[in-house]
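# Overview (structure and organization)
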Amino acid sequence: MLLLECLVENGESLDLSDDIKAWIYSDKATMEAFFTTGGMYLNRCGKAVDILAEIIKQDPHAKQGVKHTLAVAVALTFVEEVIDRVYRKPIDGIARYHNFAKWADEGVLFDEFFHLNVWEMRFVVNGMQPDEDYVWARENIAEEYRTAATIGEAVFNMIEYGGTGAQPAEDPTKEPAKWSLAGMYKYGGVCGTFCKFGAGVTEAFGMPATNLAQPGHCAFTTYYNGTWTLRNKIRGWQESWMRKAYNLFWGKAAHYLLLMNEAQQDTNSYRLSEKMRILASIVDSTFNFMLIEDALSICPQNYELYLALSEGFTTPQTMDSSAMALKMAAVVKVFEHKPQENVAFAKPAVSNTSFRNDKVDNRLVLSGNSWFTGTDENSWAEIDLQGTFTIDQVQIIWKKSCFTNVLDWDLSAEIYGNFIKVRSKADETLKGKTGKRKSFISGWDGITTKVRLDIKMIENPMYCITPSGKLSPWTVGIYQIEILGKHDSIREIVTLSRPVTSNVEGTAQNLVDGDESTVWTSTTNPSWVEISLDGICVLENVTIDWENGVQGTQTVRYIVGNETNAETSGQIGRVDLTGMATAIRIDLEGSETYSIKEISASGYCFSLNDVLKMRTSQELMIKEKHRILLISELGELIDRMECEECL
């Protein structure tokens, strides 16, 4: 039905006279892949069928297994031209299929290639390097990077930052051509070279990758073990865009890639939610909302469902607070699992040296500049993060220099107002060529507000010999310091004075009054209490303050939209349980009496209205003017809805 509708929209029809196309129309796996793996350019389903039919005609093995996955991925991707960046001409999609099929047979691709689904495979076959470049990559990548987990790091050890300055004109007749992988390896370059080379060598081994644009910069992302990793970045996911939406037509913003990736982790749920969405578009409006609501509970990561809601939310009767909580759970989860970002970018930095730079400068935290130590024995620089953060990793990108044998350094963090030494040079992992070596330092515990780098000399040479052979005053240069982390939100007791219900009449409200002298007592077995929270809360722990020790056993449940989102059982005094909730329910059993002074939960909450209107607490949001992940698009939709419960 959906294929027929798609064909009609493009002035085409089903071609049942062709046996191969008839097989395509009737094969469930093929049809599901056509419409649940990111869409296709201008809904050119007829062209996709033509490409797939031709591949199967040339290779009957394309009807099953990894070759079927590969064939469908090629068909969906190449409904639009993919331009070869070296020769500036369209890539032959069918030839690409045959090359990857041959490489699969030869065993030169990573084992993970054989387990990709169609959507993931599309990020392998849509690469803009010519196929001969992929052969070059497999012949020239160092052995240590020949794994799916490490291939994305190869670029940082193979490409010289800045290059030789002898890059040729963009003439593909010159060998090696500038934008071929061999050419980039020979000539080096800056961010554009790094992201093209990094994605290209990853694709060469059959692993998904794609380039991403950032403000004034080029990054790339690689896929492994269910996760997309952002590389060569100066910004986070929220300021990254896909170069072209070949494989995902929700939009070019990179956060859509993350959302679809979550949906694709459970393909059965995603496909079912899509079928329900399609069905909702043709049934009576009375059932439309109910179908979309159920579909969202099955796959809340399916963005198409939120678009469908713009027609469903038209009357107050179509919405209630629990349904809204359930729908917005996916959006809250974006914040709960927000990807780490460079929290130092564009933040104030100060240092004690003015050698070749101002004392008060952002050179350390902005790309494209360099900061230098002084010529004396010790230099330091300090970055004010302008907020509270948990730190996952620090990366220091060093400039060419002769510091190798004479340099030592320490990292200190301001934690609760005091600077504490947290890492030293002994903790680093050093990678990359001389021109752009990078130190990777793991993060630390403690809520951090500032980071300080102290550089000191082990020896004291007045001059050193630079790589070009010149005599230079001893200094150390740094291109950039990246501090990867997450904003740490202010936690509070979210249960205080909230409404409480129970199967026991009496003083249940005493459980959340903040007064330990009041006690709730029950002689009913089993008993239960339920605390309604103020909107959607991200919780970390629950504490039950017993009057005379734990009595019986307890089950703590986090409820979202009448569904259990997280739970744990046992004899509970305090339990660490991370999850979202609009209510907390505690079931008690196994004792004749229960006496509890207080129940408290720690976390942070924001109201449904705040979520919908994009007025969430600044402690939960990245403080930038750019649109924040998916929530802004949802806000635009919901602003047009009429809903009494949302006001």
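Just so we're clear, the structure is a prediction, and the values are computed from it rather than from any experiment.

When helices and strands are tallied, the protein shows 18 helices and 23 strands. A burial count over the protein gives 55% of its 647 residues as buried. Long-range contacts, defined here as pairs at least 24 residues apart, represent 69% of the contacts in the protein between residues at least 6 apart. Accessible area of the protein: about 27800 Å², with a carbon and sulfur share of 48%.

Quick look at the sheet that holds strand 4 (residues 241-242) now. The sheet built from 4 strands is open, its strands ordered 3-2-1-4 with antiparallel pairing. If you trace the sheet from one side to the other, it starts and ends with strand 3 (227-231) and strand 4, each paired once. The strands that helix 12 (residues 254-264) touches are strand 1 (209-214), strand 2 (217-224), strand 3 and strand 4; relative to strand 3, the one it contacts most, it runs at about 160°.

Moving on, we get to the state of the cysteines. With the rule as written, the count across this model stands at 1 disulfide. Linked covalently through their sulfurs, Cys195 and Cys218 form a disulfide whose S-S length is 1.9 Å. Between Cys195 and Cys218, the disulfide has an S-S torsion of 85° and is therefore right-handed. Note that Cys195 is positioned in helix 11 (residues 191-204) and Cys218 in strand 2, a separation of 23 residues in sequence. For Cys218, a relative accessible area of 15% gives the class buried. With no disulfide partner, Cys191 has as its closest neighbouring cysteine sulfur the one in Cys218, 5.8 Å distant.

By convention here, two paired aromatic rings are described through the distance between centres and the angle between planes. The full count for this structure, using the stated rule, is 15 aromatic pairs. Consider the rings of Trp119 and Phe123, whose centres lie 5.2 Å apart with planes at 80°: the pair is edge-to-face. With a gap of 4 residues between them, Trp119 and Phe123 both fall in helix 7 (residues 118-125), about one helical turn apart. As far as burial versus exposure is concerned, Trp119 and Phe123 are alike and both buried. An aromatic cluster is built from Phe100, Trp103, Phe113, Phe114 and Tyr134, whose rings are joined through pairwise contacts. Against the face of Tyr87 rests Lys89, its NZ or CZ located 5.8 Å from the ring centre.

Basis of the calculations
For every chain, the first residue of the written sequence is number 1, and numbering continues from 1 onward in sequence order. In keeping with the model being predicted, local features are shown solely for residues with a pLDDT of at least 70 and side-chain atom pairs are shown and tallied solely at 80 or more, while totals for entire chains, interfaces and linings include all residues. Side-chain descriptors were evaluated using all non-hydrogen atoms of the structure, hydrogens and water having been removed beforehand. Each helix is a run of DSSP H or I of at least 4 residues and each strand a run of E of at least 2, with the numbering of both proceeding from the N terminus. For each residue, the accessible area found with a 1.4 Å probe, counting protein chains only, is set against the maximum for its type, and the residue is called buried under 20%, exposed over 50%, and partly exposed in between. We call two residues in contact whenever any of their non-hydrogen atoms come within 4.5 Å of each other. We get accessible surface area from the Shrake-Rupley algorithm with a probe of 1.4 Å; when it comes to residues, only the shown protein chains can shield them. Pairing between two strands is assigned when DSSP locates at least 2 bridges connecting them. In this analysis an axis means a line fitted to C-alpha atoms, helices contributing only their contacting stretch, and an angle means the value between N-to-C directions, from 0 to 180 degrees. Two cysteine sulfur atoms make up a disulfide if the distance between them is within 2.5 Å. Stacked, tilted and edge-to-face are the three classes assigned to paired rings of Phe, Tyr and Trp, where Trp is represented by its six-membered ring and a pair needs centres within 6.5 Å; plane angles under 30 degrees give stacked, over 60 edge-to-face, the rest tilted. The rule is short: NZ of Lys or CZ of Arg within 6 Å of the ring centre and within 35 degrees of the ring normal puts a charge over the ring.

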